[in-house]
Amino acid sequence: MTIPWTRKYQPKSGKEVVGQQDAVENTRNFLENFKKQGKKAMILYGPSGCGKTSIVYALAHELNLELLEINASDVRNQEQINKKIGSAISQYSLFGKGKVILVDELDGISGRKDRGGASALAKLISKTIFPIIMTANDPFAQKFNPLRKVSFLVSLESLGVNELAVYLKEICKKENIKCEDDALKRLARSTGGDLRAAINDLQTLSTDGQFTSKELEFLGERNKVESVLSALVRIFKTTDANIAVRAFDNVQEDLDKCFLWVDENLPKEYTKSEDLARAYDCLSRADVFRGRIRRWQHWRFLVYVNTLLTAGVAVAKDEKYKHVVQYKPTTRILKLWKANMMYQRRKAIAQKLAPMLHTSAKRVVKDYIPYLKFIFQKNRSMANSITEQFELEKEEIDWLKK
């Protein structure tokens, strides 16, 4: 049986982890000084494949700790969390070793069915006698408020192309694979900093003992999905509802972003005011159904959203436009993401300060945050005092300094 290379080359110590030494040292310090610290949990967060889970496995092996891994997607609600994690926080190892509990893919706790899941986990953290490490892509979502209050936050950055290429080349040497440096860099670049995906692709494409640019062509075919641009062509350049309605079937984008793509490019394509008015009427009706889905969770309305967004917009014009339009992504996606991240961090700081200031988080945002930002930008000694008193995290301090 072939062993997956992600498991075969999983780091056995902190030094073997690729490119995340600051996060490794922070995690090591947390595990070694667990009983001396004020918080009993840590959240490692960053993009997929950057090494969050590998750090925990490597340090557990290095420090001779028993590792109990629980995937958050398997314990989504309060009852399951209390049952699976509750029993683990107090049971000692059969071999007398220390223990660390890994709650992987924390983002899996989400949605209406999972109400109370994060709060239940936060309560268990307060009772645990063993360190708990959680991994997440974005820990600043509102649902994680209870967990952020009781956890250290450690950020991991996306791995660079050169770092990935060097590591992939080491694997090729160990596996006696003839490789091209340029092909390895192209593979690293195609995975967007995801080391796990890069290793899996390398193993898949090098079965004949070599990895060259020719093998990358197969990767491109395997991962080929219809792009958003092609979907827009199927909507804007046809009046056939049957063709347009399936435009987004193979597009790997969420519904909100598809809305923004159509909204951004619609006035560029439809130059007649009557066509544009009818198209925007369909788009607005689709948005109404999308709001009903969010409000009432009536997911059967999704078919109406898709039909209005695709076929509705397509048949809104009297005839197909012959001019060529260069479709472009909307800048609103980036702006919304930045605004959301800023809002989540500001809210996290406010919720941390509110109980100690005997006021609401809303009042902290309005009356205290502006002064705090001024202090952190102008007065280092006072900023250090506030940091210590309110136990602010590095990411929160960085945000206040901006």
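Residues numbered from 1 in each chain as written. Predicted model: local features only at pLDDT ≥ 70, side-chain atom pairs only at ≥ 80, totals over all residues. Heavy atoms only, no water.

Novice: Please clarify how the environment of Q20 should be interpreted in this entry.
Specialist: One can find Q20 in the loop between α1 (5-8) and α2 (21-32). By relative accessible area, Q20 is classed as buried at 6%. The sequence separation of Q20 and C50 amounts to 30 residues, and the corresponding C-alpha distance is 8.2 Å. Beyond its immediate sequence surroundings of up to four residues, Q20 is in contact with C50, I55, L156, E157 and L159. (Helix = DSSP H or I, 4+ residues; strand = E, 2+ residues; numbered from the N terminus. Buried < 20%, exposed > 50% of the residue type's maximum accessible area, 1.4 Å probe, protein only. Contact = heavy atoms within 4.5 Å.)

Novice: How do you make sense of the confidence of the model for the protein chain when you look at a structure like this?
Specialist: In low-pLDDT regions, the fine details of the predicted coordinates are not to be read closely. Taken residue by residue, the protein chain gives an average pLDDT of 82. The fraction at 70 or more is 87%. The least confident element of the protein chain is helix α10 (residues 213-222), whose mean pLDDT is 61; the most confident is helix α15 (residues 302-314), at 93. Low pLDDT, under 50, characterises residues 221-226; the predicted model gives this stretch 8 contacts beyond four residues in sequence or across chains. (pLDDT = per-residue confidence, 0-100.)

Novice: Could you clarify how one ought to interpret empty space enclosed by the protein in this entry?
Specialist: One water molecule sets the probe size; rolling that probe over the atoms shows where empty space is left. According to the stated counting rule, one finds 1 cavity of 30 Å³ or more in the structure shown. Approximately 70 Å³ is the volume attributed to the largest cavity. Every residue lining the largest cavity is listed: N145, R148, K149, A348, Q351, K352 and E396. When the residues that make up the lining of the largest cavity are grouped by side-chain class, the tally is 1 nonpolar, 2 polar and 4 charged. (1 Å grid on protein atoms, 1.4 Å probe; cavity = no way out; pocket = protein on both sides within 12 Å on 5 of 7 lines; lining within 4 Å. Points joined across faces, edges and corners; volume = space filled by probe spheres on them. Nonpolar A, V, L, I, M, F, W, Y, C, P; charged D, E, K, R; others polar.)

Novice: So what exactly am I meant to see when it comes to the sheet that holds strand β2 (residues 65-71) here?
Specialist: Working definition: the strands of a sheet are paired by backbone hydrogen bonds and lie parallel or antiparallel to each other. The strand order across the open sheet formed by 5 strands is β2-β3-β4-β1-β5, and the pairing between neighbours is parallel. Pairing within the sheet leaves two strands with one partner each, and these edge strands are β2 and β5 (151-155). For this sheet the average axis-to-axis angle between neighbouring strands, irrespective of direction, equals 20°. The pairing of strand β1 (residues 41-45) with strand β4 (residues 132-136) spans 5 bridges and is classified as parallel. In the sheet register, A41 faces β4, and the bridge partner there is I132. Contacting β1, β3 (98-104), β4 and β5, helix α5 (residues 117-127) crosses the sheet at an angle of about 150° to β4. (Pairing = 2+ DSSP bridges. Axes fitted to C-alpha atoms, helices over the stretch in contact; angles between N-to-C directions.)

Novice: In this structure, what is going on with the pattern of salt bridges? I would like to understand it.
Specialist: Where charged atoms of side chains with opposite charge meet at close range, the side chains can pair. Under the definition given, this model contains 17 salt bridges. With a shortest N-O distance of 2.9 Å, E393 and K39 are connected by a salt bridge. Placement of the pair is E393 in the loop between α18 (380-390) and α19 (394-401) and K39 in the loop between α2 and β1, with a sequence separation of 354 residues. Each member of the pair, E393 as well as K39, is classed as buried. E269 serves as the salt-bridge partner of K237, at 2.9 Å between the closest nitrogen and oxygen. Placement of K237 in the loop between α11 (228-236) and α12 (241-244) and of E269 in helix α13 (residues 255-269) is noted, with a sequence separation of 32 residues between them. (Salt bridge = Lys/Arg side-chain N within 4 Å of Asp/Glu carboxyl O.)

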